Amino acid sequence: MICPKCGLANAPEEQRCRRCGLLLRPEARKQNAQSERPALHIYRPGEEIEPSGVALRPAPYRALKVLIYLLCWLISLSVLGLGVYKLYFWIQAMNIEKTYGPGSLLEPVINEITLDDGQKAHELVFYGDDGDVIFIKELRQSYMVVGGIATIQIADSSWFDLNPENQESARVTLTPIMTKQSGDRLALPAITLDIPVPDSPLTMISPTEQRTEVYSSLYPLEFQVVPGSTVLVNGDDVTDMTDVLGNISVNVNCNTMGDNPISIVVTTPHHRQTRYDLVLARPEMEINLELSLSNESTSSRSTMTVSGTIDPNATLVIDSPYVQDSVTIDSTTGEFSFKAKFDKIGENEIVVRATQEGKKESKLSFTVDYLPNITEYSSNAWKMDYKQLSQYTNNWIGRIFLCEGTVLDTAMEDEITILYMDVSPDSDGSQVVAIYNLTSQASFEVGKEYKIFADVRGMATYNKTGIPALNGRYLSEQ
């Protein structure tokens, strides 16, 4: 039989071509084709069919596979986002540390200060742009930056209980946050302070020394405490004698010749109790001599009445300038008075003695700070004569001059501002005086002209050159 495919002649009995293997009989090929037909498939509800007729996997399986892919993508994006977030804030933290952290120009400055009422405190100075706001979480308060700084003063007592006698110190952590004008918020580095329990404030005004000689049977103690404090003097409660500023003046007895011990105990809320002990020493005197408490320590007039008591049998001797015929003595009580005369501006010493035959004399002295009013002071002012002033400076101490000129420079000495003023007529800087500012004006501008009434006090140095120094008492009207 001839093969219809390859044309090979095959034997009649052969059913397949010897060359290509084709079934030679038609009925055999038909039967073989039916045997190679794909098996019948019964489709289930929800099953998808491909165009070729092959069934896909069930729909729920495919949905689960898609969900797994989505979850993987979400987890990957989350990890990536977290990494970017961490990187951003790490960079921001590094910038903040560089800008506001230790060693930076904008690092907050911490100072230990004393408030006007005498309380110990800490001052925090933050730097920033005007309009920025510093919020302190622990204080629950915001502070605005003005002039490039924000200053925060916190009394040390604010961190302690009402009665902190059993406490030693407190560790305080502050977490400042800066809000910029743009709205950005920056968490600045935390501030940690170790604060000891503060003592109850007590500032002595008179006497200033713990051992002081007194010359009368009564002595006026003067000191300042924080308003609201409990105050005991030698065990006596004098709290109600405190004024609104915390000042107290109380007279104490000094009847004993020799040492008179005085104790002051102050208890301020949120502070540790303070005890101050002093001694008022009254010298032994064979002849009684006392000065009155009414005597002033300052005067704006060139004379002042001085009074006291002397033994009626003794003689009063005045060893300092006084007005003649002003002395009066009561022969019964020994009370005396006289008008002291001040021959120089500033401190003038008043000295009195009591003498009696057969007894050791008694002697008392005290000083009065004399400063005449501006009318009297200026009426005695001399016109500036720089050449003569420079030559006779030490001989002219106390002499008053009107100093007119330009302030060249300023300096500080013992909390007193010194003005270096050019008083030359043509302002060429050849005539410079040093004026110690004792006027009521707190500040002066360099390069500005002023007129000041001043009295000679001695010599000073400016640019390694000796110049006259004066006490500036009053500003002249421009």
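For the structure itself, consult the block above.
Residues numbered from 1 in each chain as written. Predicted model: local features only at pLDDT ≥ 70, side-chain atom pairs only at ≥ 80, totals over all residues. Heavy atoms only, no water.

Visitor: Can you tell me about the overall build of the protein chain, naming the residues and giving the values?
Guide: Helix and strand counts for the protein chain stand at four helices and 31 strands. Taken across its 478 residues, the protein chain has 35% of its residues classed as buried. When contacts within the protein chain are restricted to residue pairs at least 6 apart in sequence, those whose partners lie at least 24 apart make up 52%. Just so you have it, the protein chain exposes about 29,500 Å², and 51% of that area is on carbon and sulfur atoms. (Helix = DSSP H or I, 4+ residues; strand = E, 2+ residues; numbered from the N terminus. Buried < 20%, exposed > 50% of the residue type's maximum accessible area, 1.4 Å probe, protein only. Contact = heavy atoms within 4.5 Å. Areas by Shrake-Rupley, 256 points an atom, 1.4 Å probe, with all protein chains shown as cover.)

Visitor: Can you break down the layout of surface pockets residue by residue, with the values?
Guide: A volume near 770 Å³ is recorded for the largest pocket. As for the largest pocket, its lining consists of 24 residues, and the residues nearest its centre are Ser206, Tyr219, Pro220, Ser297 and Phe366. Going through the elements one at a time, strand E10 (203-206), strand E11 (211-213), strand E12 (218-224) and strand E25 (362-370) are the ones with two or more residues in the lining of the largest pocket. No other element matches the four residues that E12 contributes to the lining of the largest pocket. Among the residues forming the lining of the largest pocket, the class breakdown is 10 nonpolar, 10 polar and four charged. In this structure, the second largest pocket encloses a volume near 310 Å³. Surrounding the second largest pocket, 16 residues form its lining, Met384, Glu404, Val423, Ser424 and Pro425 being those nearest its centre. Classifying every residue of the lining of the second largest pocket by side-chain character gives six nonpolar, five polar and five charged. (1 Å grid on protein atoms, 1.4 Å probe; cavity = no way out; pocket = protein on both sides within 12 Å on 5 of 7 lines; lining within 4 Å. Points joined across faces, edges and corners; volume = space filled by probe spheres on them. Nonpolar A, V, L, I, M, F, W, Y, C, P; charged D, E, K, R; others polar.)

Visitor: Help me get a handle on the pattern of salt bridges, residues and values and all.
Guide: This structure, assessed with the given rule, holds 11 salt bridges. Aspartate 277 serves as the salt-bridge partner of arginine 275, at 3.2 Å between the closest nitrogen and oxygen. Residue class for arginine 275 comes out exposed when judged on its relative accessible area of 56%. Owing to a relative accessible area of 37%, aspartate 277 belongs among the partly exposed residues under this scheme. For arginine 353, the salt bridge goes to glutamate 361, with nearest N and O atoms at 2.7 Å. Looking at arginine 353, the relative accessible area reads 18%, which means it is buried. Here glutamate 361 falls in the partly exposed class, since its relative accessible area comes to 39%. Among the charged side chains, a network of salt bridges with common partners joins Asp129, Asp132 and Lys180. (Salt bridge = Lys/Arg side-chain N within 4 Å of Asp/Glu carboxyl O.)

Visitor: Explain the pairing of strand E27 (residues 400-413) residue by residue, including any values.
Guide: Across two bridges, strand E26 (residues 382-383) lies against E27 in parallel orientation. Note that in E27 the partner of lysine 383 across the bridge is leucine 402. In the classification by handedness, the crossover that spans E26, the intervening helix H4 (residues 386-391) and the parallel E27 is right-handed. In terms of strand pairing, E27 meets strand E30 (residues 449-462) through seven bridges, oriented antiparallel. Of the residues in E30, the one forming a bridge with glycine 405 is tyrosine 450. With seven bridges joining them, E27 and strand E28 (residues 416-422) adopt antiparallel strand pairing. Within the sheet, the bridge partner assigned to glutamate 413 lies in E28 and is isoleucine 416. (Pairing = 2+ DSSP bridges. Right-handed = clockwise from strand over helix to strand, strands pointing away.)

Visitor: Explain the sheet that holds E12 to me, using residue names and the numbers behind them.
Guide: The three strands lie next to each other as E10-E12-E15, forming an open sheet whose pairing is antiparallel. With one partner strand each, in any of the chains shown, E10 and strand E15 (247-253) form the two edges of the open sheet. Geometrically, the sheet is characterised by an average inter-axis angle of 30° between neighbouring strands, direction not taken into account. (Axes fitted to C-alpha atoms, helices over the stretch in contact; angles between N-to-C directions.)

Visitor: Tell me about the sheet that holds strand E2 (residues 120-127), and name the residues and values.
Guide: What the three strands build is an open sheet, ordered E1-E2-E5; its pairing is antiparallel. Bordering the open sheet on either side are strand E1 (109-114) and strand E5 (149-155), each of which pairs with just one other strand. Here the average twist between neighbouring strands, direction ignored, is 25°. Sheet topology note: the E2/E5 ladder contains seven bridges and is antiparallel. Paired with histidine 122 across the strands is isoleucine 154, a residue of E5.

Visitor: Quick rundown of the side chain of histidine 122? Include the residues and the values.
Guide: Within the fold, histidine 122 resides in strand E2. On the basis of relative accessible area, histidine 122 is assigned to the buried category, the value being 8%. Separated by 2.8 Å, the side chains of histidine 122 and aspartate 156 make a polar contact. Residues within four places of histidine 122 in sequence aside, it is in contact with Ile110, Asn111, Glu112, Ile152, Gln153, Ile154, Asp156, Leu193 and Ile195. (Polar contact = N/O pair within 3.5 Å; in protein donor to acceptor, adjacent residues only side chain to side chain.)

Visitor: Got a sec to walk through unusual backbone geometry? Specific residues and values, please.
Guide: Each neighbour pair has its own omega, and for serine 206 with proline 207 the value is 0°, a cis peptide bond. Looking at the secondary structure, you find proline 207 in the loop between E10 and E11. Unusually for a residue other than glycine, asparagine 234 sits at a positive phi of about 50°. Residue placement: asparagine 234 occurs in the loop between strand E13 (230-233) and strand E14 (236-237). You can call asparagine 234 partly exposed: its relative accessible area is 40%. Positive phi, close to 65°, is recorded for aspartate 325, a residue that is not glycine. One can find aspartate 325 in the loop between strand E21 (315-318) and strand E22 (328-329).

Visitor: With reference to specific residues and values, describe the packing of aromatic side chains.
Guide: Counting across every chain of the model gives nine aromatic pairs. Taking the centre distance of 6.2 Å and the plane angle of 75° together, the rings of tyrosine 322 and phenylalanine 338 count as edge-to-face. Of this pair, tyrosine 322 sits in the loop between E21 and E22 while phenylalanine 338 is found in strand E23 (residues 335-341), placing the two residues 16 residues apart along the sequence. Among the aromatic residues, those joined into a cluster by ring pairs are Trp382, Tyr392, Trp396 and Phe401. Of note, arginine 399 hangs over the ring of tryptophan 382, and the distance from its end group to the ring centre comes to 3.8 Å. (Phe/Tyr/Trp six-rings, centres within 6.5 Å; stacked < 30°, edge-to-face > 60°. Lys NZ or Arg CZ within 6 Å of the ring centre and 35° of its normal.)

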